[in-house]
Amino acid sequence: MEKLVKLISMFPLLLLLSPPFAFAGHDYGQALSKSILFFEAQRSGYLPHNQRVPWRAQSGLQDGKASGVDLVGGYYDAGDNVKFGLPMAFTVTMMSWSIIEYGKQMGASGELGHAMEAVKWGTDYFIKAHPQPNVLYGEVGDGNSDHYCWQRPEDMTTDRHAYKIDPSNPGSDLAGETAAAMAAASIVFRHSDPSYANELLRHAYQLFDFADKYRGKYDSSITVAQKYYRSISGYNDELLWAAAWLYQASNNQYYLDYLGRNGDSMGGTGWSMTEFGWDVKYAGVQTLVAKFLMQGKAGHYAPVFERYQQKAEYFMCSCLGKGTRNVQKTPGGLIFRQRWNNLQFVTSASFLATVYSDYLASSGKYLGCASGNVPPAELLSLAKSQVDYILGDNPRATSYMVGYGSNFPQRVHHRGSSIVSIKVNPSFVSCRGGYATWFSSKNRDPNLLTGAIVGGPDAYDDFADERDNYEQTEPATYNNAPLIGILARLSGGHGGYNQLLPVVLPAPKPVVTKPQPSPNPEITPSAGVSLLTSWSGPISIEQKMTTSWVANGRTYYRYSTVVTNKSTKTLKSLNLSISKLYGPIWGLTKSGDLYSFPLWLSSLSVGKSLEFVYIHSASQADVSVANYLLA
């Protein structure tokens, strides 16, 4: 482990006496782009052709080989070269949640594709790490040997042993968090890649069953993780967290029942939290369950879900300073929990405040605090103040996002950024030689770790930009993951949207790297010919153009779409996503951006179909299943 350092006071008296928040507004779109780019610097494995961080190269290409499994890929968690499963899974869950809530804003800024690629880099690895239903690899590399060396990922000579959990060596917290990540990510890819989304959901189901059936703390099985990512909170929070995400991803009543039946006994309704992060998920569970309650999904579990919501609001009020036990803040107004990587708690708390603000606004409700009712806009203002602090509105006028602004950390505690790129100087950097030459250097990093959120200042807004000050200068993926959602929200303005409606993400825009061929001439459909059959699950969709006519020189087409329940159960509810629709539609009920059963139809029996029609002067619309519920 690196040695602790003394704090070095850097408070100029003038700055302390001057108003600390007289700063220009921030470019949240630029900050969003940079914060997503950071994940590309953390990639392990074979780097793709569109890799945008030029100083990184391939690494960890033998991971898992000694154990007979392919574990190439995934993310390094922070400034080291270990792949820790628990924080990696939390990172993917929070990136996915960010996209689920604010994917439309990311799409408008051109960053949705990059954000989805960042999620997929993690989920592709988790698929490999889960080779059997009750086996999950939770770590590659060893923190002790890794911290003994200061090497580029491309030069690693450290032990790359792979550690797993199984029925004899359980890890409910690790399996539960990975199930949550897979379930949340399945929502992200449901529209653009339904087959991949189904694969993720299948892994999520299996991982949840594994976590719930074979209970135990993962760090009792993978003991090498104890020194770095010990599971202090246990595994009950991850089981509830996974159930919440599986319900949101599948609409399967079993998981809603799980939350209702186990909320009291597993702490979901009992723990009053003032933190949220890779270890403690209760505040996140409580926020999600409060959302289900506001969506009217609680049913006879409403009294239990109301207790979840009370705890969610306890967390929100404590962050605002209007609760019975409030979070500590620095003199400059930053939420402060601990000296070591405090900003992880700032970004995660700010994300919960952001989404809960939007949930309340969507339902027309206020936040109930000990000091009285609080309008939801105050929660969003709190999140904005924390983000603005991180981006430079603080007593030191320092941006804690590397590469953003003019004054940001230059000596980051990060092996890859602090050592010359292997593409610039391919000479091997040895284990201890890296410490002698690069770690001890007082020069700024040779590689810019763009977008990285470092550990941040202390309880007095002080910060020492020194490489050996790992408590303050080391970045982490789970610092950035919640932040991308907040930045997307802030960059997207205040356009009207309802966060309680079912999620329909826009398809990411492809990145054009070369001139595209001229489009083929549009083929006029023939009446009665099947145009599109989609959705490989239990619901089929078939479209036909049934007739056409010319009016005022324009050709109009009438399309018939038949939706069939091919499952063995009754289809109780259905929401369809319909895009590229330019005319009237009959036979469905519109709800927000989605379409559901017509008012006269409450369910669809096994083998039965419903038909709807629409008319416009274009080729067929894109129709897909957004979500459904089988009895």
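**So, the sheet that holds strand β3 (residues 162-165)**
Reasoning step 1: One open sheet holds the 3 strands; their spatial order is β1-β2-β3, and the pairing between them is antiparallel. Edge positions in the sheet fall to β1 (83-84) and β3, since each has one partner strand and no second.
Reasoning step 2: Bridging between strand β2 (residues 136-140) and β3 involves 4 bridges; their strand directions are antiparallel. Bridge pairing in β3 places E139 opposite Y163.
Reasoning step 3: Sitting on the sheet, helix α6 (residues 172-189) touches β2 and β3, and the angle it makes with β2 is about 100°.

**Digging into the packing of aromatic side chains**
Reasoning step 1: Enumeration over the complete set of coordinates arrives at 32 aromatic pairs.
Reasoning step 2: For the ring pair F90 and F276, a centre distance of 5.6 Å and an interplane angle of 75° mean the geometry is edge-to-face. Here F276 lies in the loop between α11 (253-262) and α12 (282-294) and F90 lies in helix α3 (residues 85-108), a separation of 186 residues in the sequence. The same class applies to F90 and to F276, which are both buried.
Reasoning step 3: Arranged with centres 6.5 Å apart and planes meeting at 45°, the rings of Y254 and Y258 form a pair that is tilted. Of this pair, Y254 and Y258 both sit in helix α11, separated by 4 residues, roughly a single helical turn.
Reasoning step 4: Overall, the relative accessible area of 37% leaves Y254 in the partly exposed class.
Reasoning step 5: Ring pairs connect the aromatic residues F90, W97, W241, W245, F276 and F351, which therefore count as one cluster.
Reasoning step 6: Looking at K120, its charged tip hangs above the ring of Y196, at a distance of 4.8 Å from the centre.
Reasoning step 7: Over the face of the ring belonging to Y148 we find R432, whose NZ or CZ atom lies 4.2 Å from the ring centre.

**What about helix α13 (residues 302-320)?**
Reasoning step 1: A rise of 1.5 Å per residue sets the reference length of α13, with its 19 residues, at 27 Å; its end C-alpha atoms lie 26 Å apart and thus fit the reference within 8%.
Reasoning step 2: Of all the 19 residues making up α13, 15 are buried; the element is thus mostly covered by neighbouring parts of the structure.

**Examining empty space enclosed by the protein**
Reasoning step 1: A complete count under the given rule lists 4 cavities of 30 Å³ or more for this structure.
Reasoning step 2: In terms of lining residues, the largest cavity is bounded by I187, V188, R190, H191, V503, V504, L505, S577, S624, V625 and A626.
Reasoning step 3: Secondary structure elements with two or more residues in the lining of the largest cavity: α6 and β16 (622-630).
Reasoning step 4: Here the lining of the largest cavity gets 3 residues from one element, more than from any other, and that element is β16.
Reasoning step 5: Among the residues making up the lining of the largest cavity, the classes are represented as 7 nonpolar, 3 polar and 1 charged.
Reasoning step 6: Empty space within the second largest cavity amounts to approximately 60 Å³.
Reasoning step 7: Around the second largest cavity sit 13 residues that line it, and A41, N81, P153, H414 and G416 are the ones nearest its centre.
Reasoning step 8: Its residues assigned to classes, the lining of the second largest cavity comprises 5 nonpolar, 5 polar and 3 charged.

**Concerning the layout of surface pockets**
Reasoning step 1: The volume enclosed by the largest pocket comes to roughly 600 Å³.
Reasoning step 2: Every residue lining the largest pocket is counted, 32 residues in all, and those nearest its centre are Y228, Y229, W278, W340 and Y478.
Reasoning step 3: For the lining of the largest pocket, the element with the most residues is helix α9 (residues 226-229), which contributes 3 residues.
Reasoning step 4: Residues belonging to the lining of the largest pocket are distributed by class as follows: 14 nonpolar, 7 polar and 11 charged.

**Topic: the pattern of salt bridges**
Reasoning step 1: Taken as a whole and judged by the stated rule, the model has 21 salt bridges.
Reasoning step 2: In this structure, R339 and E471 form a salt bridge, with 2.2 Å as the shortest nitrogen-oxygen distance. Highlighted residues: R339 in the loop between β5 (335-336) and α14 (343-363) and E471 in helix α18 (residues 470-473), separated in sequence by 132 residues.
Reasoning step 3: Looking at R339, the relative accessible area reads 22%, which means it is partly exposed.

**Points about the nonpolar core**
Reasoning step 1: In this structure, W97, W245, L259, F305 and L367 are the most contacted members of the largest nonpolar core, which totals 157 residues.
Reasoning step 2: Residue contacts for F305: discarding those within four places in its chain leaves L256, L259, G260, V289, F292, L293 and A298.
Reasoning step 3: Counting 22 residues, the second-largest nonpolar core is a separate cluster that includes I541, Y559, L601 and L604.

**Regarding the state of the cysteines**
Reasoning step 1: Tallied over the entire structure, the rule returns 2 disulfides.
Reasoning step 2: With a sulfur-sulfur separation of 2.0 Å, C149 is cross-linked through a disulfide to C431. Residues C149 and C431 share a disulfide whose torsion about the S-S bond is about -85°; that sign makes it left-handed. Remark: C431 occurs in the loop between α16 (415-418) and α17 (433-439) and C149 occurs in the loop between α5 (143-148) and β3; sequence separation between them is 282 residues. Like C149, the residue C431 is buried in the burial classification.
Reasoning step 3: Put simply, C317 and C369 are joined by a disulfide, and their sulfur atoms are 2.0 Å apart. Across the S-S bond linking C317 and C369, the dihedral sits near -90°, which makes this disulfide left-handed. Of the two residues, C317 is situated in helix α13 and C369 in strand β6 (residues 367-369); the sequence distance between them amounts to 52 residues.
Reasoning step 4: By relative accessible area, C369 is classed as buried at 11%.
Reasoning step 5: Counting only the cysteines that form disulfides, in the order they appear in the protein, gives the pairing 1-4, 2-3.

Rules used in this analysis
- Along each chain, the written sequence defines residue order, and numbers are assigned to residues from 1.
- Owing to the predicted nature of the model, reporting of local features is limited to residues with pLDDT of at least 70; listing and counting of side-chain atom pairs is limited to 80 or more, with chain, interface and lining totals taken over all residues.
- To get the side-chain values, all heavy atoms of the structure are used, and hydrogens and water are removed first.
- Two strands make a pair as long as DSSP finds a minimum of two bridges between them.
- Under the scheme used here, helices are H or I runs from DSSP no shorter than 4 residues and strands are E runs no shorter than 2 residues, and both carry numbers assigned from the N terminus.
- Residue contacts follow a heavy-atom distance rule, with two residues in contact if any of their heavy atoms lie within 4.5 Å.
- Helix axes are fitted only over the stretch in contact, all axes being lines through C-alpha atoms; the angle between N-to-C directions runs from 0 to 180 degrees.
- Each pair of aromatic rings taken from Phe, Tyr and Trp, with Trp reduced to its six-membered ring, is defined by centres within 6.5 Å and is described as stacked if the planes are under 30 degrees apart, edge-to-face if over 60, and tilted in the remaining cases.
- Each residue gets one of three labels from its accessible area relative to the maximum for its type: buried under 20%, exposed over 50%, partly exposed in between, using a 1.4 Å probe on protein chains only.
- Cation placement over rings: the criterion is NZ of Lys or CZ of Arg within 6 Å of the ring centroid and within 35° of the ring normal.
- Here a helix's expected span is defined as the number of its residues, less one, multiplied by 1.5 Å.
- Lining residues are those with an atom within 4 Å of a point, where the points come from a 1 Å grid over the protein atoms alone and group into cavities, where a 1.4 Å probe fits but cannot get out, or pockets, open sets with protein on both sides within 12 Å along at least five of seven lines.
- Grid points are joined across faces, edges and corners, and a volume is the space filled by probe spheres set on the points.
- Any residue that is not Ala, Val, Leu, Ile, Met, Phe, Trp, Tyr, Cys, Pro, Asp, Glu, Lys or Arg is counted as polar, Gly included; the first ten are nonpolar and the last four charged.
- Salt bridge, as used here, is a side-chain nitrogen of Lys or Arg placed within 4 Å of a carboxyl oxygen of Asp or Glu.
- To form a nonpolar core, buried Ala, Val, Leu, Ile, Met, Phe, Trp, Tyr and Cys residues must be joined to one another through side-chain atoms within 4.5 Å.
- Two cysteine sulfur atoms form a disulfide, by the criterion used here, when they sit within 2.5 Å.

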